[in-house]
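Here is what each chain is made of, one letter per residue.
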Amino acid sequence: MQRFKDKFALVTGGTNGMGYAVAQQFIDEGGRAIITGRSLETVEKAINQLGEKAFGIVSDAGDMKDLLNLQANVRKYTNTIDLLFANAGYGKFMPIENVSESDFDELFNMLVKGPFFTVQQILPLMKNGSSVIFNTSVATEISMPNFSIYSAAKSAVQSFIKTFATELTERGIRVNGVSPGHIKTNIFNNTGLNREQIEDAIQNIIPTIPFKRQGEPSEIASAVLFLASEEASYIHGAEIKVDAGISVVG
Ligand SMILES: NC(=O)c1ccc[n+]([C@@H]2O[C@H](COP(=O)([O-])OP(=O)(O)OC[C@H]3O[C@@H](n4cnc5c(N)ncnc54)[C@H](OP(=O)(O)O)[C@@H]3O)[C@@H](O)[C@H]2O)c1
């Protein structure tokens, strides 16, 4: 399929995981993709792997200066964005008593302020028929200990799906979201847990997943690309759960 021939995507947090998978599938289907990440090293590695239709920008989704420079940096490659996947981020999970103001600000800056100002800055490049897709989380649906800040931040993003859809309807920009379950990525790498603790956490999670396995990043990418494609032309303000049913089946 070549659903995105001559189209341009901007994927925040595209050096790994779901963002990388979205950039890869978008390019495989004829498009070009700009990815962001926090370091030159990770961004360069990813664009080298993705090939000549990939471009990179070092930009921290939690840093207002970077967010305000994003549009100018994107314009070095294109003046039109057809898919904006607001995805950059990671989780930090801790009991309520242990949360400091800086933990709170770190997650809200990156996960809420980041996608808000990313969309605001990129909107002038988005035309009728383009698509904004937010990455939320199953954490908005099921309550887990130590997830208070992360879940609240993702719930704010969930709210952007509705409000942005309302505001952007007249411009013909569709706004939707994907809500991933437990996906095999580097999500735990910024938690402060070591390799063994991360593996333990994953082994404890797997039996709770209806399909008894983590999802692959490509399974999220398929949903994102569907939402961005013509096949989803009547889908607006929706959030697709890609979570093996965990939020419903339990
Ligand atoms: N994995 C899951 O189970 C799961 C479930 C639900 C939702 N999510 C959400 O899915 C999104 C993608 O995460 P992932 O699971 O694919 O994890 P991942 O493999 O760690 O990928 C995260 C991506 O975001 C980038 N990133 C992280 N912080 C950033 C920042 N401040 N500014 C710019 N880029 C940043 C990383 O790039 P660099 O390291 O190069 O900066 C990387 O490209 C996140 O919003 C996460 O909360 C994950």
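Provided above is the structure to which this section pertains.
Residues numbered from 1 in each chain as written. Predicted model: local features only at pLDDT ≥ 70, side-chain atom pairs only at ≥ 80, totals over all residues. Heavy atoms only, no water.

A. Looking closely at the sheet that holds strand S3 (residues 54–58). In space, the 7 strands of this open sheet follow the order S3-S2-S1-S4-S5-S6-S7, with parallel pairing throughout. Single-partner strands in this sheet number two, and they are S3 and strand S7 (239–242). Each strand of the sheet is rotated relative to its neighbour by a mean of 20 degrees, with strand direction disregarded. Taken together, the 3 bridges between strand S1 (residues 8–11) and strand S4 (residues 83–86) define a ladder with parallel strand orientation. Across the sheet, residue Leu10 finds its bridge partner in S4, namely Leu84. Across the sheet, helix H2 (residues 40–50) lies against strand S2 (32–37) and S3, angled at about 175 degrees from S3, the strand it touches most. (Pairing = 2+ DSSP bridges. Helix = DSSP H or I, 4+ residues; strand = E, 2+ residues; numbered from the N terminus. Axes fitted to C-alpha atoms, helices over the stretch in contact; angles between N-to-C directions. Contact = heavy atoms within 4.5 Å.)

B. Highlighting the site of the ligand. Near the ligand lie 30 residues; those nearest to it are Asn16, Arg38, Thr42, Tyr150 and Thr185. Between an oxygen atom of the ligand and a main-chain N or O atom of Met18, the distance comes to 2.9 Å. Contact between the ligand and Thr185: an oxygen atom at 2.6 Å from a side-chain N or O atom of the residue. In isolation the ligand offers 880 Å² of accessible surface; the protein chains occlude 94% of this area. (Near = heavy atom within 4 Å. Polar contact = N/O pair within 3.5 Å; in protein donor to acceptor, adjacent residues only side chain to side chain. Areas by Shrake-Rupley, 256 points an atom, 1.4 Å probe, with all protein chains shown as cover.)

C. Here's a closer look at helix H1 (residues 17–28). Between its first and last C-alpha, H1 extends 17 Å over 12 residues, near the 16 Å set by a 1.5 Å rise per residue. H1 sits mainly inside the fold: 10 of its 12 residues count as buried. Looking at H1, one finds that the buried residues are Gly17, Met18, Gly19, Tyr20, Ala21, Val22, Ala23, Gln25, Phe26 and Ile27. Of the residues trailing H1, Gly30 is marked for its positive phi of about 100 degrees. (Expected span 1.5 Å × (residues − 1). Buried < 20%, exposed > 50% of the residue type's maximum accessible area, 1.4 Å probe, protein only.)

D. Up close: the pattern of salt bridges. Throughout the structure, instances matching the rule amount to 8 salt bridges. Between Arg3 and Glu231 there is a salt bridge, with its nearest N and O atoms 2.7 Å apart. One end of the pair, Arg3, is in the segment before S1; the other, Glu231, is in the loop between helix H7 (217–228) and S7, and 228 residues separate them in sequence. The class of Arg3 is partly exposed, set by a relative accessible area of 25%. Counted as one network, the salt bridges with shared partners bring together Arg3, Glu29 and Glu231. (Salt bridge = Lys/Arg side-chain N within 4 Å of Asp/Glu carboxyl O.)

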